[in-house]
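Now for the letters of each chain:
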Amino acid sequence: MTTDPARPFGRVITAMVTPLAEDGTIDLAGAQELAAHLVERESNDGLVVFGTTGESPTISDGEQHAVLEAVLDAVGDRATVIAGVGTNDTAHSIEKAQSAARLGVDGLLVVTPYYNKPPQAGLLRHFTAVADATELPVMLYDIPHRSGVPVHVDTLVRAAEHPNIVAVKDAKGDFGAVQWTRARTDLAYYSGDDMLNLPLLAVGAVGVVSVVSHLVGTRLAEMIAAVESGDLVTARAVNESLLPVYTGVFRTQGVITVKAALRALGLPAGPVRPPLVDATAEELAQLREDLAAGGVQL
């Protein structure tokens, strides 16, 4: 699917959960139903399949292949489908990238390698090696509170020299670094931390890769449109109305609460896989209260 070059993956992108059956196996029909719902009802013009919220560390390569194929069949002509292929093993990440490319995805999300804490030179080599492996556009995912290592501005500047590295999903929250990177590169920035969506849009992000967009994608689209038109009064009002949603979804792991919310709404989700655990009755009650305050009724 082609998009505006300034927004290579769209504006409202959901980091989609991976629907599971009650026995923990992949629910392919549910993945197609949820993808269609996000595109048709929540104003999504892009989906990340197997980012953090997709429980990527617990998904086998075969399962990833099957879900990507199913989602592409369901919405590939209506939304950008981005495959999360990053791991902490460069060779494995390359294999996943090439497999996703053969299926026909529109782009790749490559997270900072986690746990092994590579130096900046290692990050650059990893990112460029994965970008070299296909002709697809790549969004880097900078999330140091999970990976243990931030991507420095100089590293992003050098990575941006690669023709396939076109965007960053930022969950670092360093606005100075965002502004310097934007000043020195043409990388498209996407907010990867829902609580910081509006501030990142205000300093030049072109869209969001969101968890709460499972529930409020249309309102996020409204906020982005307001920022783009220069109507910050409206953008702030929408953002403030969403604060209870942001807070409620991230009281625990976003995938846990979003799957609980989707189940309550009768949408495909299923359980989470170990080592995660499903929301308790008390957590669900709190989530209902938080979402109601943000205009979402479960």
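Residues numbered from 1 in each chain as written. Predicted model: local features only at pLDDT ≥ 70, side-chain atom pairs only at ≥ 80, totals over all residues. Heavy atoms only, no water.

## A word on the nonpolar core
Then, number 1: Val71, Val75, Val105 and Leu108 are the most contacted members of the largest nonpolar core, which has 79 residues in total.
Then, number 2: Membership of the second largest hydrophobic core comes to 16 residues, among which are Ala15, Ile143, Ala171 and Val209. (Core = buried A, V, L, I, M, F, W, Y, C linked by side-chain atoms within 4.5 Å. Buried < 20%, exposed > 50% of the residue type's maximum accessible area, 1.4 Å probe, protein only.)

## What about the UniProt feature "active site" (unreviewed entry) in the chain?
Then, number 1: Under the UniProt annotation, "active site" (unreviewed entry) lies at Tyr141 and Lys169. For this annotated set, covering 29 residues, all C-alpha atoms fall within 4.7 Å of each other, a compact arrangement in space.
Then, number 2: Examined against the element boundaries, Tyr141 turns out to sit in strand E5 (residues 138-142).
Then, number 3: When sequence neighbours within four positions are dropped, the list of residues in contact with Tyr141 reads Thr52, Leu109, Val110, Val111, Thr112, Lys169 and Ala171.
Then, number 4: By the element assignment, Lys169 lies in strand E6 (residues 165-170).
Then, number 5: Taking the relative accessible area as the measure of exposure, Lys169 reaches 4% and is therefore buried.
Then, number 6: Not counting residues up to four positions away in its chain, the partners in contact with Lys169 are Ala15, Leu109, Met139, Leu140, Tyr141, Asp142, Tyr190, Gly192 and Val209. (UniProt positions renumbered as here; feature names shortened; annotations may be inferred. Helix = DSSP H or I, 4+ residues; strand = E, 2+ residues; numbered from the N terminus. Contact = heavy atoms within 4.5 Å.)

## Here we look at helix H9 (residues 213-228)
Residues lying three or four places apart along an α-helix face the same way, a consequence of the helix completing one turn every 3.6 residues.
Then, number 1: Between its terminal C-alpha atoms H9 stretches only 19 Å, short of the 22 Å expected from 16 residues at 1.5 Å a residue.
Then, number 2: The principal kink in H9, of about 40°, is found at Arg219.
Then, number 3: Listed as buried for H9 are Ser213, His214, Leu215, Val216, Gly217, Leu220, Met223, Ile224, Ala226 and Val227.
Then, number 4: One or two steps after H9, the chain reaches Gly230, where phi turns positive at roughly 85°. (Expected span 1.5 Å × (residues − 1). Bend = angle between axes of the 7 residues up to and from the residue.)

## Examining unusual backbone geometry
Among all residues save glycine, negative phi is the norm, and among peptide bonds the norm is trans.
Then, number 1: The peptide bond linking Pro274 to Pro275 adopts the cis configuration, its omega dihedral lying at 15°.
Then, number 2: By the element assignment, Pro275 lies in the loop between helix H11 (254-264) and helix H12 (281-293).
Then, number 3: Positioned with a positive phi, Lys117 is a non-glycine residue whose angle comes to about 50°.
Then, number 4: On the accessibility criterion, Lys117 (54% relative accessible area) is exposed.

## A few points about the pattern of salt bridges
Then, number 1: As enumerated under the stated definition, the model contains eleven salt bridges in all.
Then, number 2: For Glu63, the salt bridge is made with Arg273, and the minimal N-O distance between the two is 2.7 Å. Of this pair, Glu63 sits in helix H2 (residues 61-75) while Arg273 sits in the loop between H11 and H12; the two residues are 210 residues apart in sequence, bridging distant segments of the chain.
Then, number 3: Here Arg184 makes a salt bridge to Asp154, at a shortest N to O gap of 3.0 Å. With Arg184 in helix H7 (residues 175-184) and Asp154 in helix H6 (residues 153-159), the pair connects residues that are 30 residues apart, well separated along the chain.
Then, number 4: Assessed through its relative accessible area of 44%, Arg184 is described here as partly exposed.
Then, number 5: Sharing partners across several salt bridges, the network here consists of Arg7, Arg11 and Glu228. (Salt bridge = Lys/Arg side-chain N within 4 Å of Asp/Glu carboxyl O.)

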